Amino acid sequence: MIPDDIRRQVVLEDHDLAADGTFAVVVRRAVQRNGYASELWYVPLDGSASRRLTSGRVRDTGPRISPDGRSVAFIRRDLDGRELPGRLMVVRTSGRAARPRPVGTGKLAASSFAWSPDGRRFAITAEAGPPRFLIGPEAKGKETPLARRIRRIDWRYDEIGHVDRREHLFVVDWGARAEPVQLTEGDYTVERPAWHPDGKSIAFVADRGPESDLHPRTTIWSVPVPRRGTKRAKIAEPREILALGGWATRPSFSPDGRWLAAFGVAEADPLDDISPGLFVGPADGSGPPVALAPDLDRPVDCWSDTDLTGWMTTPRPGPIWVGADRIVAMVSDAGRDLPWWFGFDPGTGRPAGRPQPVVRADATCRSVAVATPRRGEPVITVVGTNGSRAMELMTIEASRGAAKPSTGLRARTTMGSAWQRRVVVPEMRLVEAPGDGGPVQTWIASPPGAGDKRLPTIVDVHGGPLGAWAPAPPVEAHMLVGRGYRVVLPNIRGSAGFGRQWIREQLGDWGGVDAADVHASLDHVVKLGLADPDRLGVLGLSYGGFMVHWLIGTSDRFKAAVSENGVANQVSSWANCDNGVVYDRTALLGDPLTEEGMLRLWRQSPLRNVANVRTPLLMFQGEADRRCPPADNEQFFIALRTLGREVEYVLYPDEFHTFAVTGRPDRRIDRMTRMLDWFDRYL
């Protein structure tokens, strides 16, 4: 695979499944011109041919099939800017090809939506209300505002920029000439609307605390819905219906409306070693929620890393009710993201049995959907990678009552991975490297047919650190393997999906046990005779970029290094990062409010070791990155330049934190080309 192959890469991003389980609708994303377009495809599950539902210079995302299966709604962004961004659209799923029709949302740009149970209305979240910080009249076009008067620390966010408006909840009738009716207002943001089965209320996620910027804690709320045809309604005060000691999100009502499931954390002020779980409580908020798997010790949701999943859309991991006594939700376990069964007793409101995987496979799934036909077993579909194969729509050959998990994932599409036929796909090998804290799960990506030949080798450190490398190799591993390198992908301490203790040991010790695990993984691969110890490189994005800076400042074993949007100075990034105050607290990094806290941050700062760096370093940086901003990484670059070391700094305009995967195609190609050339030069 070469950098220009990025233009040929296709990603299946999201999907939904019809209630009767007969067909699914998937999002197919591809490069168009110098951006990304996506279209919806209708995929029958009886084996007949798929067909395109939408097309054009558009970005169609978030498909949700109507309860009767006759239509699918989605959010459209016109890439040529001729239409309102975030337009909610509906297209028929059957019969001749039909033009999508807009829903009457006026000037609202929908960020999320949900069909009502009867399929006649939509709940929508969209920006609303007066600007939070602006001084003077609102800017138009390319104008800039007079100023922003800022009194909170949540005025900015990566990939958004300035958070000038809150998002609120609206309801709009479908098929009628009606205006959206606003249901919430205030200085808080509404997310993830979910209808109650009776259609009379909508649940949503919000943080209404007075210091939500400093101590975020989302809970689940509910508001009544005015009758269909209402043109204007008095905004009712929301009622909290599910709260945990920590945060809660992703509400889902049981079919009878008695119970509410959600993901969340029970502990107050949780640290990063507390994995989110699945909770169920009374839907009216009359009792405390109960954890369905308190001893699972694995995060519920999608936490694994492979950019074959695209990274441009939010995962859809459930929870999904299957009748009144089962819930399906995604669980991250040792680099695999797979749906699990969770049993529930609706009579007592307690868990029933131990959770178990629906399927066992080397797969990383980003989207799960379940249909429960009136007769027969549930139909479960996922969009994900399987082994090294890129994203496809798959069905799980499993039954609801199975005593053991299925071992079958059946691909229902080929459009997501067809581009891989033109390139060399890495051979993936899993080993366990002996480490001080226990075995370090390590994936090795190699050129096919290389066998046990000793090759120049690059260790790639994932982000987070609460990520985890998956069985599917990232795109940059495809590129490096195609150029003749091995790539070592270690799940070092701090990685999610290996239990609380694996994370706990790394909290407040960046550059300690985690760095030791990187070396342990490399030592093991060298001992196996697979890596040339005189030709080792290191690569990483975000926290992985931190680790690159740290390793080359504390070791001389690497002959070349590439960091991207990393961390150099923990003291300054505490405030420069868009969520640094909260992030540093939950990761036990420290804070600069006391000398002790400042020294703790400085101890974990690669900048303190910069004078020791002798490894040639190539640095990539997104200029619009607010997570690991240029101001931080430029300190490292300027220090190395002042010291006369071999360093290059490549700054990409307008790009955010993960531009290596989500950025403009020509910039991704440039980045990949420079990375390959850098390693070729020094390795």
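Note that this is a predicted model, so its numbers are computed, not measured. (Residues numbered from 1 in each chain as written. Predicted model: local features only at pLDDT ≥ 70, side-chain atom pairs only at ≥ 80, totals over all residues. Heavy atoms only, no water.)

**With respect to the packing of aromatic side chains**
- Under the definition given, this model contains 16 aromatic pairs.
- Aromatic pair F23 and Y42: ring centres 4.6 Å apart, planes at 25°, arrangement stacked. Of the two residues, F23 sits in strand β2 (residues 23–32) while Y42 sits in strand β3 (residues 35–44), which places them 19 residues apart along the sequence.
- When its relative accessible area of 5% is taken as the criterion, F23 is described as buried.
- With 4.9 Å between their ring centres and 80° between their planes, W510 and Y543 make a pair best called edge-to-face. Taken together, the residues span a long stretch of sequence, with W510 in the loop between α2 (500–504) and α3 (513–527) and Y543 in helix α4 (residues 543–554) at a distance of 33 residues. (Phe/Tyr/Trp six-rings, centres within 6.5 Å; stacked < 30°, edge-to-face > 60°. Helix = DSSP H or I, 4+ residues; strand = E, 2+ residues; numbered from the N terminus. Buried < 20%, exposed > 50% of the residue type's maximum accessible area, 1.4 Å probe, protein only.)

**Re the state of the cysteines**
- As enumerated under the stated definition, the model contains 0 disulfides in all.
- Counting only cysteine sulfurs, C302 is the nearest neighbor of C365, a cysteine outside any disulfide, at a range of 7.8 Å.
- Its sulfur unpaired, C628 is 6.1 Å from the next cysteine sulfur, which belongs to C577.
- Judged by its relative accessible area of 6%, C628 is buried. (Disulfide = S-S within 2.5 Å.)

**Here's the deal with the pairing of strand β39 (residues 560–564)**
- For β39, a buried count of 5 out of 5 residues is recorded, marking the element as mostly surrounded by other parts of the structure.
- For strand β38 (residues 531–541) and β39, the ladder comprises 5 bridges, and the chain directions are parallel. Looking at β39, one finds that L539 is bridged to V562.
- Crossover β38 to β39 through α4 is right-handed.
- For β39 and strand β40 (residues 617–622), the ladder comprises 4 bridges, and the chain directions are parallel. From the neighbouring strand, A561 faces β40, where its bridge partner is L617. (Pairing = 2+ DSSP bridges. Right-handed = clockwise from strand over helix to strand, strands pointing away.)

**Some details on the side chain of S573**
- If you trace the backbone, S573 turns up in helix α5 (residues 570–576).
- A relative accessible area of 9% places S573 in the buried class.
- Excluding residues within four positions of it along the chain, S573 makes contact with V567, G580 and D632. (Contact = heavy atoms within 4.5 Å.)

**Examining the pairing of strand β19 (residues 219–224)**
- Of all 6 residues in β19, 5 are buried; the element is thus mostly enclosed.
- Two strands pair when backbone bridges link them, and strand β18 (residues 201–206) and β19 are joined in this way by 6 bridges, in the antiparallel orientation. Paired with I202 across the strands is V223, a residue of β19.
- Here β19 pairs with strand β20 (residues 239–242) via 3 bridges, running antiparallel. Among the inter-strand pairings, S222 is bridged to a residue of β20, identified as R239.

**Looking at unusual backbone geometry**
- Look at the link from G318 to P319: it is a cis peptide, with omega at 5°.
- The linkage connecting G464 with the following residue, P465, adopts the cis geometry, with an omega of 10°.
- Considering the arrangement of structural elements, one finds P465 in the loop between β36 (455–461) and α1 (475–482).
- For D269, which is not glycine, the phi torsion reads 50° and is therefore positive.
- When its relative accessible area of 66% is taken as the criterion, D269 is described as exposed.

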